[in-house]
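An overview of the molecular structure
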Amino acid sequence: MPQFPVFLPTRRAVLHFLGGTSVIALTGAAFAETGESLQDITRALPGLPEARVYVARRVITLEPGGEAADAVAVVGDRILAAGPRAEIESLMGDQPYVVDDRFADKVIVPGLIDQHVHPVLAALTLTLDIIAIEDWVLPGGTAKAATSAEDYMARLTAAEAALPGPDQPLLTWGYHHSFHGLVRRPDLDRLSA
């Protein structure tokens, strides 16, 4: 009987790959002459690598209509699965794993490379008073939206009043004429000396 070199990562993978119980009989016959059994071969193989299950407040998967995820399983630099923690842990089966909760109160997002970014502009913007047409969630708090001319002028007036001195420049970000109305120099001169 011919002998075949067989590399079997797991019994489950072999059964799935070759279609069930017939593979056990074929493999058993192939090793009958050598005295080795399938169990001997599988015991000699290295075990599965340890996975790490990262738990988070939320995991953004970018799957359209995807379910809420709060865990992601990783081996090395490969993502195995993302989804609800209970489901991820049940999928691990015999795979050894550890639960890592360092991101338990964080949101995990896919690593993206932004091809169009202006770091100097972003750094400058974060030092200004944001008076924009939408809420801006910033490290120091949320700059609420100003969606009308009245909102904009009230926020601009409040920003001027909060300046530490009369020689301090008033710098803002977010003005949009379609929402905030036309603001001209005389309007600004009335607001600030």
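As a reminder, the structure under discussion sits directly above these lines.
Report on the accompanying structure. Please read these numbers as outputs of a predicted model, since none were measured by experiment. (Residues numbered from 1 in each chain as written. Predicted model: local features only at pLDDT ≥ 70, side-chain atom pairs only at ≥ 80, totals over all residues. Heavy atoms only, no water.)

Things to note about unusual backbone geometry
Only a minority of non-glycine residues have a phi that is not negative, and only a minority of peptide bonds are not trans. This is how the line gets drawn: Secondary structure is summarised from DSSP: a helix means a run of H or I of at least four residues, a strand means a run of E of at least two, and numbering begins at the N terminus for each. The classification of residues rests on relative accessible area computed with a 1.4 Å probe and restricted to protein chains. Under 20% of the type maximum is buried, over 50% is exposed, and intermediate values are partly exposed.
Look at Leu62: it is not a glycine, yet its phi comes out positive at around 65°. Note that Leu62 resides in the loop between strand 1 (51-59) and strand 2 (71-75). Of the residues examined, Leu62 reaches a relative accessible area of 60% and is grouped as exposed.

A look at a nonpolar patch on the surface
Quick reminder of the rule: Each patch groups residues whose relative accessible area exceeds 30% and which form no salt bridge, using 9 Å between like charges and 5 Å between nonpolar side chains of Val, Leu, Ile, Met, Phe, Trp and Tyr. Each accessible area is a Shrake-Rupley estimate made with a 1.4 Å probe; only the visible protein chains count as cover when residues are assessed. Each reported salt bridge corresponds to a side-chain nitrogen of Lys or Arg within 4 Å of a carboxyl oxygen of Asp or Glu.
Residues Leu121, Leu124 and Trp173 make up a contiguous nonpolar surface patch of roughly 260 Å² in combined accessible area. Structurally, Leu121 can be placed in helix 5 (residues 119-125).

A closer look at the side chain of His180
Just so we agree on the cut-off: The definition of a polar contact used here is a pair of N or O atoms within 3.5 Å, where within protein one atom must be able to donate a hydrogen and the other to accept one, and adjacent residues in sequence count solely through side-chain atom pairs. Every residue pair with non-hydrogen atoms within 4.5 Å of one another is taken to be in contact.
Within the secondary structure layout, His180 lies in helix 7 (residues 177-180). Using a relative accessible area of 1% as the deciding quantity, one classes His180 as buried. Polar contacts involving the side chain of His180 include one to the main-chain carbonyl oxygen of Ala146, which spans 2.6 Å. Sequence-distant contacts of His180, that is, excluding residues within four places in its chain, are made with Ile131, Ala132, Ile133, Ala146, Ser148, Ala149, Tyr152, Gly174 and Tyr175.

Comments concerning the pattern of salt bridges
Summed over the entire model, instances satisfying the criterion amount to seven salt bridges. Between Glu89 and Arg85 there is a salt bridge, and its shortest N-O distance comes to 2.6 Å. With Glu89 and Arg85 both in helix 4 (residues 85-91) and four residues apart, this pair spans about one turn of that helix. For Glu89, a relative accessible area of 24% puts it in the partly exposed group. The partner of Asp135 in a salt bridge is Lys144, and the shortest N-O contact between them spans 3.6 Å. Classification of Asp135 as partly exposed rests on a relative accessible area of 39%. In the salt-bridge network here, residues are joined through shared partners; they are Arg52, Asp100 and Arg102.

Regarding the side chain of Asp100
Inspection of the secondary structure puts Asp100 in strand 4 (residues 97-108). A relative accessible area of 8% places Asp100 in the buried class. For Asp100, the side chain forms a polar contact with the side chain of Arg102, separated by 2.6 Å.

Side note on the packing of aromatic side chains
Heads up, the rule is: Any pair of Phe, Tyr and Trp rings, taking the six-membered ring for Trp, is counted once the centres come within 6.5 Å. Such a pair is stacked with planes under 30 degrees apart, edge-to-face with planes over 60 apart, and tilted for the rest.
Taken as a whole and assessed by the stated rule, the structure comprises two aromatic pairs. Relative to Phe103, the ring of Tyr54 has its centre 5.7 Å away and its plane inclined at 50°; by these criteria the two rings are tilted. Of this pair, Tyr54 sits in strand 1 while Phe103 sits in strand 4, and the two are 49 residues apart along the sequence. A relative accessible area of 30% means that Phe103 is categorised as partly exposed.

Focus on the nonpolar core
What counts is decided by this rule: Here the nonpolar core consists of buried residues drawn from Ala, Val, Leu, Ile, Met, Phe, Trp, Tyr and Cys, with membership extended through side-chain atoms lying within 4.5 Å.
With seven residues, the main nonpolar core is built from Ala51, Val53, Ala71, Ala73, Val75, Ile88 and Met92. Elements supplying a minimum of two residues to this core: strand 1 and strand 2. Here this core takes three residues from strand 2, the largest share from any one element.

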